[in-house]
Amino acid sequence: MAKNYVIARNLDLYYRKIMNICCIGAGYVGGPTMAMIASKCPDIQVAVVDINQERINAWNSANLPIYEPGLDEIVSEARGKNLFFSTEVDRYILESEIIFISVNTPTKEYGSGLGQAADLRYVESCARRIAEISKSPKIIVEKSTVPVRTAQMVKTILASTSHQFQHQIVSNPEFLAEGTAVKDLLSPDRVLIGGDLTPEGQIAVGKVSSIYENWIKKDRIITTNLWSSELSKLTANAFLAQRISSINAISALCEETEANVDEVAQAIGADSRIGPKFLKSSIGFGGSCFQKDILNLCYLCRYFRLPEVAEYWEQVIRMNEYQKERFVRRILDSMFNTVSGKRIAILGYAFKKDTNDARESPAIGICKRLLEEKAHLAIYDPKVSRQTILNSLGIKEDQANSIDFCKSATEACQDSHCIAILTEWDEFKNIDYEDIYKNMVKPAILFDGRNLLDIEMIRLIGFVAKGIGIS
Ligand code: UDX
Ligand code: ADP
């Protein structure tokens, strides 16, 4: 492998410099990743293409379609110079030497693999389009999270549709986390690039690597075979989610035993074998990746007749569901078992702070349950739009009688019976809770679903206050 890589790198010297690359899919991954490449590689012309005209218009405007700290600056610096956003998918496929595929791979909502397998129809349609129209050999880079051996599917499509050229498939999963995308892209823990072990495959790996080498040290770039790269992405997300479910499981026990989950996390995280990150107990993990990737992993395990392995990972998701339901249960218990007609202020709807993304946000399940219990919700999130909230709840605009969309936390809390903090936005730390308390129905209840506040201080104000894993 190492030998092949060296040969490939030497051969690469004979190749011309990469000039044009494109990325199909202008989403949370494609947009920021390509913006960073454009910003760090002035010699590379980067095009981000998407079939969604509205999204492309937004990328070309002052109001980017996604919120990420630091992204506006990077985009506005490179846009129009070597960074272009366009709906001309075919044009940029034709012009590019390297094509990143960064389209959505949601969990299948129909047919075989329903609710578990990844829906690869968007990846497949990109592969077919590239095969149909290309007039030169391409390096096709899988950026979207895909199940292991997706590259085989792409290869088969390319081989059967495009007889003229031998395209190369490279896996280069993205590990950025939303809310810290710019920082993660600027100095990633590692860049992973998987390719075929043939000389041509290794040339392709070398070319993709040479893009990142513009700003990332080579010892941070890991090269593997295609399948290890694909599986590593699913495994990384499964391990991260597993840590959250593990600490959340302990939080339930803490609530019964007067232990404090944050203290337990600190104590165990000090062990260098465990480490301090990803031990923050919460109402559960959300986001577009964790649940989808674990379901996907489980589907693969069952497909390869490994039911015990599938069951092991499924438990991580079951614990996540349990954590959300437990949160709602505790709210009900504190409010005399009924929230019917009571105003509950929902502070935060995004799946984590510093993003406008609410995909799989734990807030969705919690709000749905509270609405089922006939609560009146007053929702405030600094970045998530009203439309995104309504869509995620499956509620039409004219049926949103039980929801107030508020412009500030103070407005949401006014006259409420209970406050539920569902996202750890920094601004919620600096609210004047004494003032808020005065304007609430008594007993004023506060549930901190992110353990963001000093709960003892909140109790001193007069609130009946509860955190996660704190009795
Ligand atoms: C994740 C992975 O971190 C990233 O490497 C991968 O590329 C995509 O999936 P993302 O989903 O954007 O990134 O955010 P992340 O920071 O991992 O948070 C996921 C969820 O876990 C959030 O809902 C967050 O609030 C929750 N979380 C995270 C916790 O509840 N506790 C923690 O300690 C950490
Ligand atoms: P992620 O979080 O993985 O970036 P998103 O859903 O935010 O996922 O973005 C994926 C993007 O891919 C969407 O904007 C969607 O319109 C785009 N897309 C899906 N299929 C195609 C396709 N065949 N050609 C171009 N763009 C596509």
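Cut-offs applied
- Residues numbered from 1 in each chain as written.
- Chains lettered and ligands numbered in written order.
- Predicted model: local features only at pLDDT ≥ 70, side-chain atom pairs only at ≥ 80, totals over all residues.
- Pairing = 2+ DSSP bridges.
- Helix = DSSP H or I, 4+ residues; strand = E, 2+ residues; numbered from the N terminus.
- Axes fitted to C-alpha atoms, helices over the stretch in contact; angles between N-to-C directions.
- Contact = placed C-beta atoms within 7 Å.
- Domains from an automatic or database assignment.
- Nonpolar A, V, L, I, M, F, W, Y, C, P; charged D, E, K, R; others polar.
- Near = placed C-beta within 6 Å.

(A) Highlighting the sheet that holds strand β5 (residues 139-142). On the basis of which strands lie adjacent, the open sheet formed by eight strands has the order β3-β2-β1-β4-β5-β6-β7-β8 and mixed pairing. Edge positions in the open sheet fall to β3 (83-86) and β8 (221-225), since each of these has one partner strand only. Here the strands of the sheet are splayed against their neighbours by 25 degrees on average, with no regard to which way each runs. Of the strand pairs in this sheet, strand β1 (residues 20-24) and strand β4 (residues 98-101) are connected by four bridges, and their pairing is parallel. Among the inter-strand pairings, C23 is bridged to a residue of β4, identified as F100. Along the sheet, helix α10 (residues 226-257) contacts β6 (168-171), β7 (191-195) and β8; its crossing angle with β7, the most-contacted strand, is approximately 140 degrees.

(B) Main features of the domain arrangement of the chain. The domains assigned to the chain are domain 1 (2-216), domain 2 (238-317) and domain 3 (319-466). The distance between the C-alpha centroids of domain 2 and domain 3 comes to 24 Å. Every element with two or more residues in the side of domain 2 that touches domain 3 is listed here: α10 and α13 (307-334). Sort the elements by how many residues they give to the side of domain 2 that touches domain 3 and α10 lands first, with four residues. A per-class count over the side of domain 2 that touches domain 3 returns six nonpolar, ten polar and one charged.

(C) Region of the structure containing the site of ligand 1. With respect to spatial proximity, 19 residues lie near ligand 1, and among them K280, S282, F285, G287 and C289 are the closest. For the shell around ligand 1, the element with the most residues is α10, which contributes three residues. When its residues are assigned to classes, the shell around ligand 1 shows eleven nonpolar, four polar and four charged. Domain assignment of the residues forming the shell around ligand 1 places at least three in each of domain 1 (2-216) and domain 2 (238-317).

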